[in-house]
Amino acid sequence: MPDREVDFMLVGGGLASANCARWLREEGAEGSILLVGREQDAPYNRPECSKGYLRGEESREEPLFRPGSFWEEQDVELLTRTSVTGIDLDARTAKLSDKQELSFGKALIATGANVRRLNVDGCELERIFYLRTLGNADAIREGVADAEQVVLIGGSYIACEVAASLTMMGKRCAIVMQEEVTLERGFGRNAGRYFQGLLEEHGVTVHPQDELERFEGEGRVSTVVTRNGLELPAEAVVVGAGVTPDVSIAKRAGLEIGERGGVRCSSRLESSAAGVFAAGDICEYDSPVHGGRPVRIEHWDVAFNQGKTAALNMLGRDVPHETVPYFYSVLGDWGELEYVGPAYGWEEEVERGSREEGSFTTWYLHGGAVKAALAVGRSEELDVARALIVSGRRLGEADRAALADPQADLSSLGA
């Protein structure tokens with residue numbers, strides 16, 4: 001027999017679960033809500049791990065989703081340092097790592113992702129770090145305190161953002177990456193060159209089209225050796241090799257897993273089991289914004305907004321998740337980007353503004369329709385981009401010319 005019952009069980013301690021709990025209460029849920037998370041902290045904004053918090057500019061409390069008093073005020077039971085070890089969908093029961101067994105009415109699975117760890121010679125050496133949590137950020141800050149030279153592995157968000165933060169902290173940073181330019185996999189070479197230029201202008205050395213061969217050192221890492229034969233001195237290393245969705249609980253429970261590795265969900269974020277929803281990094285949902293195609297997106301803003309949609313549908317509102325995915329990245333105080341999309345492939349890039357002046361929007365088109373847009377210093381144009389992405393309409397030559405003309409009024413395009 002279960003030890004107790006809860007009406008809403010939220011599995012995972014991130015923003016998806018936190019925002020789901022918030023919206024359940026705001027929309028009138030009167031039943032019991034249990035949020036179970038394996039981290040030691042209450043839900044927080046993970047992006048700060050590579051930015052202000054890493055640099056020691058923010059306290060442990062500042063990234064929190066809400067102050068500690070929020071959970072008691074909203075009558076949400078928060079279990080940190082606790083995992084759900086198993087779910088029986090037929091019996092509607094769950095087992096927790098603290099030996100509790102409970103029954104639940106509806107559930108949200110939002111277990112996030114795990115960092116992809118490298119298995120190369122020397123990977124067991126000290127001062128090789130991965131970044132996912134506030135605790136990881138603490139370890140990096142402490143581990144580089146007496147270091148001068150740090151090597152970053154990877155050319156995407158984590159490596160670039162951490163390189164910027166550590167450079168601001170007085171470290172000499174080098175990036176080793178498979179890409180030709182930083183961030184090119186998501187944004188293409190033109191935009192990628194702009195961001196790589198920002199890094200290089202501030203002293204970050206970039207080694208493109210290369211990859212890690214091994215780590216060397218006695219006890220702690222001292223050298224990074226690459227496939228191309230580079231031997232880079234490294235008193236610390238931060239690896240940003242991506243993440244993998246943590247669908248282990250979902251798989252064991254028998255939920256359907258999609259081609260993109262996430263829990264397959266409807267446009268309402270409901271999984272293959274009625275009354276069980278998914279959100280965040282593990283959610284592979286039929287996206288109305290993308291023509292009904294299944295998409296899975298790893299970004300905090302997506303998790304945040306999916307938490308709300310899941311809450312509404314747990315309350316029977318039958319609401320599709322129609323929010324256009326939004327991304328942002330900040331390279332210290334040197335520059336930042338905002339992006340809506342995503343474009344998994346594009347045939348044409350239209351640029352508006354000037355990369356040289358640090359104010360531009362890149363529009364990504366496929367089949368004549370806008371699929372994504374990246375903005376630097378031009379946030380106001382993202383609303384037009386969202387409308388064009390949702391409409392999916394093909395743009396003629398005059399429309400594309402307007403996209404490229406900084407003086408053109410775009411309001412009619414997004415109408």
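Higher on the page you've got the structure.
## Some points on helix α9 (residues 397-404)
Taken residue by residue, α9 has R400, A402 and L403 as its buried positions. Considered in projection along α9, the buried side chains sweep an arc of 155 degrees and stay on one side of the axis. Along α9, exposed side chains directed more than 90 degrees from the buried face belong to E397 and A398.

## Description of the nonpolar core
If you look at the biggest cluster of nonpolar residues, it comprises 76 residues, and the most contacted ones within it are M9, I87, L152, L166, F195, Y339 and L374. If we skip the residues at most four places from it in the chain, L374 touches F187, A191, F195, L337, E338, Y339, F360, T361, T362 and Y364. Counting 25 residues, the second largest nonpolar core, distinct from the first, contains A21, W71, V76 and F277.

## Quick look at the pairing of strand β10 (residues 172-176)
Taken residue by residue, a regular strand's side chains alternate between the two faces of the sheet. Buried residues dominate β10, accounting for four of its five residues. Looking at chain direction, strand β9 (residues 149-153) and β10 are connected through five bridges and run parallel. By the bridge assignment, L152 is partnered in β10 with I175. Viewed along the sheet, the connection from β9 through helix α4 (residues 157-168) into β10 turns out right-handed. In terms of strand pairing, β10 meets strand β11 (residues 205-207) through three bridges, oriented parallel. Within the sheet, the bridge partner assigned to V176 lies in β11 and is H207. Each parallel crossover has a hand, and for β10 linked through helix α5 (residues 184-201) to β11 it is right-handed.

## Considerations on unusual backbone geometry
In this structure, P342 follows G341 across a cis peptide bond, with omega equal to 0 degrees. When you line up the elements, P342 lands in the loop between β22 (335-340) and β23 (348-354). If you check the backbone angles, D75 has positive phi at about 55 degrees while not being a glycine. Summarising the element assignment, D75 is placed in the loop between α2 (69-73) and β3 (76-79). Given a relative accessible area of 55%, D75 falls into the exposed group.

## Some points on the pairing of strand β5 (residues 93-96)
In this structure, strand β4 (residues 84-88) lies alongside β5, joined through four bridges in antiparallel fashion. Each bridged residue has a counterpart across the sheet, and for V84 the counterpart in β5 is L96. Two successive antiparallel strands, β4 and β5, enclose a turn made up of four residues, where R92 displays a positive phi of approximately 55 degrees. Summarising the sheet, β5 and strand β6 (residues 101-109) pair through three bridges and their orientation is antiparallel. By the bridge assignment for β6, K95 is matched with E101. Hairpin connection between β5 and β6: a loop of four residues separates the two successive antiparallel strands, and K99 in this loop has a positive phi of roughly 80 degrees.

## Observations regarding the packing of aromatic side chains
One pass over the full model with this rule turns up eleven aromatic pairs. Each ring, one from F65 and one from F70, has its centre 6.0 Å from the other, and the planes form 80 degrees; the classification is edge-to-face. We classify F65 as buried; its relative accessible area is 6%. Look at F70 and you get buried, because its relative accessible area is 11%. Summarising the aromatic geometry, the rings of Y339 and Y364 are spaced 6.1 Å apart at their centres and angled 65 degrees between planes, so their arrangement reads as edge-to-face. Separated by 25 residues along the polypeptide, Y339 in strand β22 and Y364 in strand β24 (residues 359-366) bring together distant segments of the chain.

## Here we look at helix α1 (residues 15-26)
Residues spaced three or four apart along an α-helix face the same direction, because each turn holds 3.6 residues. Taking 1.5 Å of rise per residue, the twelve residues of α1 would be expected to cover 16 Å, and the 16 Å separating its terminal C-alpha atoms lies within 8% of that figure. Across the twelve residues that make up α1, a large majority, eleven, are buried. Taken residue by residue, α1 has L15, A16, S17, A18, N19, C20, A21, R22, W23, L24 and R25 as its buried positions. Packing partners of the buried residues in α1 comprise β1 (4-11), β2 (33-36), α2, β3, β6 and α7 (300-314).

## Comments concerning the sheet that holds strand β12 (residues 212-218)
Where strands meet in a sheet, backbone hydrogen bonds hold them as pairs that are either parallel or antiparallel. Here three strands make up an open sheet; going across it, the order is β12-β13-β14 and the pairing antiparallel. With one partner strand each, in any of the chains shown, β12 and β14 (231-233) form the two edges of the open sheet. Across this sheet, the average inter-strand angle for adjacent strands is 30 degrees, counted without regard to direction. Relative to β14, strand β13 (residues 220-226) runs antiparallel, the two being bridged by three bridges.

## Describing the packing of α1 against α7
Between α1 and α7, whose axes approach to 7 Å, the crossing angle comes to 40 degrees. For the pair α1 and α7, the crossing hand works out as right-handed. Two secondary-structure elements touch here, α1 through L15, A16, N19, C20, R22, W23 and L24 and α7 through W300, A303, F304, G307, K308, A311 and M314. When the residues that make up the contact of α1 with α7 are grouped by side-chain class, the tally is ten nonpolar, two polar and two charged.

Calculation notes
Residues numbered from 1 in each chain as written. Predicted model: local features only at pLDDT ≥ 70, side-chain atom pairs only at ≥ 80, totals over all residues. Heavy atoms only, no water. Buried < 20%, exposed > 50% of the residue type's maximum accessible area, 1.4 Å probe, protein only. Helix = DSSP H or I, 4+ residues; strand = E, 2+ residues; numbered from the N terminus. Arc of directions from axis to C-beta. Core = buried A, V, L, I, M, F, W, Y, C linked by side-chain atoms within 4.5 Å. Contact = heavy atoms within 4.5 Å. Pairing = 2+ DSSP bridges. Right-handed = clockwise from strand over helix to strand, strands pointing away. Phe/Tyr/Trp six-rings, centres within 6.5 Å; stacked < 30°, edge-to-face > 60°. Expected span 1.5 Å × (residues − 1). Axes fitted to C-alpha atoms, helices over the stretch in contact; angles between N-to-C directions. Left-handed = near helix turned anticlockwise from the far one by under 90°. Nonpolar A, V, L, I, M, F, W, Y, C, P; charged D, E, K, R; others polar.

Scope: geometric values only; no functional claims are made or implied.
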